[in-house]
Amino acid sequence: LERLRGRLSKSRSMFGQSLLGLLGAGDLDEDSWQDVEDSLLIADLGAATTTQIVERLRDELSRRAVRTPAEAREVLREVLTASLSTDGIRAVRALPHEVDGQKQPAVVLVAGVNGTGKTTTTGKLARVLVSQGSTVVLGAADTFRAAAADQLQTWGERVGASVVRGKEAADPAAVAFDAVKRGIDEGADAVLIDTAGRLHTKTGLMDELGKVKRVVEKQAKVDEVLLVLDATTGQNGLAQARVFSEVIDVTGIVLTKLDGTAKGGIVFQVQKELGVPVKLVGLGEGPDDLAPFEPGAFVDALLG
Ligand code: GDP
């Protein structure tokens, strides 16, 4: 929690100082409520979520006849936490299954637009799973970005996971297929597949990502489709999420670069508008900078 608090310092200064300053000032007039609303909007909570949170705040503050800044802080904490899904707490455990008496690895597809932190997230997730005692195979199916396979290879060596990669410009689905096959043959616990992040057209994406999933499903069940979103892109990230969730059943969001933005509020919007839980958050570039998303701790870190 201390680490999360430190990493979220940019978001915290938005919420923590301006919001708590306002709420702690006693009875709020309409101008002050407007300022509260603005603080939430600036932090990227979006119009719908902001309206809902302000309404709840107003109700709760008057219902409980809140007078002190400490009480106001507690109400704010409760209201914000309650508007986040807790489905992320269990995060990604990637448990293998038994199929016809044979062990089958859990399969996780990692999707997202290039540059969001997809490959890094795949590597960090491997690190988490390996440190929990799981054996992991990584599939470098992002064959579009030339350096992605090398980058994943480095992660594999760093964290102790084997890496399956194709030849240059290989079909992403073929690489994904081979990675799952390797996972099954080696009796691995999990196969994590870094998919190509081209978002040229929706049909192109659908063809590519849809094909990866279909091909993987010839051999194993896809347990998770994690969509990686860059928190610093705000509304743009939300637009990406809409496109991806039309193309594939996204089971969880990984929100990266929360360490580098004052807009941590995008978490609220993503959950509300897409109905998909944020499961993991990226808090830096290092191997240990991936954390399960836990609403209470997240809100505490925001409020400081
Ligand atoms: P991809 O194209 O989506 O696979 O993106 P990469 O995994 O190559 O990441 C793009 C850049 O973002 C790299 O420089 C990463 O180190 C960086 N990055 C990824 N996740 C995070 C994060 O949580 N915080 C920060 N600060 N940087 C990140």
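Residues numbered from 1 in each chain as written. Predicted model: local features only at pLDDT ≥ 70, side-chain atom pairs only at ≥ 80, totals over all residues. Heavy atoms only, no water.

1. Description of the UniProt feature "domain: SRP54-type proteins GTP-binding" (unreviewed entry) in the protein chain
Turning to step 1, where the next piece is worked out: In the numbering used here, UniProt assigns the feature "domain: SRP54-type proteins GTP-binding" (unreviewed entry) to residues 277-290.
Turning to step 2, where the next piece is worked out: Annotated as residues 277-290, this span is 0% helix and 43% strand, and its ends, taken at the C-alpha atoms, are 16 Å apart. (UniProt positions renumbered as here; feature names shortened; annotations may be inferred. Helix = DSSP H or I, 4+ residues; strand = E, 2+ residues; numbered from the N terminus.)

2. Here we look at the packing of aromatic side chains
Turning to step 1, where the next piece is worked out: Under the defined criterion, the tally for this structure stands at two aromatic pairs.
Turning to step 2, where the next piece is worked out: An angle of 50° between the planes, with centres 6.4 Å apart, marks the rings of Phe268 and Phe298 as tilted. Here Phe268, found in helix 11 (residues 266-274), pairs with Phe298, found in helix 12 (residues 295-303); they are 30 residues apart in sequence, far enough to count as distant.
Turning to step 3, where the next piece is worked out: The buried category is assigned to Phe268, whose relative accessible area is 1%.
Turning to step 4, where the next piece is worked out: What links up through ring pairs into an aromatic cluster is the set Phe268, Phe293 and Phe298.
Turning to step 5, where the next piece is worked out: The positively charged end of Arg158 is found above the aromatic ring belonging to Trp155, 4.4 Å away from the centroid. (Phe/Tyr/Trp six-rings, centres within 6.5 Å; stacked < 30°, edge-to-face > 60°. Buried < 20%, exposed > 50% of the residue type's maximum accessible area, 1.4 Å probe, protein only. Lys NZ or Arg CZ within 6 Å of the ring centre and 35° of its normal.)

3. As for the side chain of Asp194
Turning to step 1, where the next piece is worked out: Looking at the secondary structure, you find Asp194 in strand 6 (residues 190-195).
Turning to step 2, where the next piece is worked out: The class for Asp194 is buried, based on a relative accessible area of 0%.
Turning to step 3, where the next piece is worked out: At 2.9 Å, the side chain of Asp194 and the side chain of Lys118 are in polar contact. (Polar contact = N/O pair within 3.5 Å; in protein donor to acceptor, adjacent residues only side chain to side chain.)

4. Notes on the pairing of strand 6
Two faces, one strand: in a regular strand the side chains alternate between the faces of the sheet.
Turning to step 1, where the next piece is worked out: Of all six residues in strand 6, six are buried; the element is thus mostly enclosed.
Turning to step 2, where the next piece is worked out: Neither face of strand 6 is open: one carries Ala190, Leu192 and Asp194, the other Val191, Ile193 and Thr195, and all of them are buried.
Turning to step 3, where the next piece is worked out: With five bridges connecting them, strand 3 (residues 106-111) and strand 6 associate as parallel partners. The partner of Val108 across the bridge, within strand 6, is Leu192.
Turning to step 4, where the next piece is worked out: In terms of strand pairing, strand 4 (residues 136-141) meets strand 6 through six bridges, oriented parallel. Looking across to strand 6, one finds that Leu138 is bridged to Leu192. (Pairing = 2+ DSSP bridges.)

5. Quick look at the pattern of salt bridges
Turning to step 1, where the next piece is worked out: Going through the model one piece at a time under the given rule, you end up with 18 salt bridges.
Turning to step 2, where the next piece is worked out: Where Asp300 meets Arg77, a salt bridge forms, and the shortest distance between an N and an O atom there is 2.6 Å. You can see Asp300 sitting in helix 12 and its partner Arg77 sitting in helix 5 (residues 69-82), a full 223 residues away along the chain.
Turning to step 3, where the next piece is worked out: Its relative accessible area of 14% is what places Asp300 among the buried residues.
Turning to step 4, where the next piece is worked out: Arg77 gets classed as partly exposed once you look at its relative accessible area, which sits at 23%.
Turning to step 5, where the next piece is worked out: The salt bridge partner of Lys221 is Asp223, with a shortest N-O separation of 3.4 Å.
Turning to step 6, where the next piece is worked out: Given a relative accessible area of 47%, Lys221 falls into the partly exposed group.
Turning to step 7, where the next piece is worked out: Exposure remark for Asp223: the relative accessible area of 22% places this residue in the partly exposed category. (Salt bridge = Lys/Arg side-chain N within 4 Å of Asp/Glu carboxyl O.)

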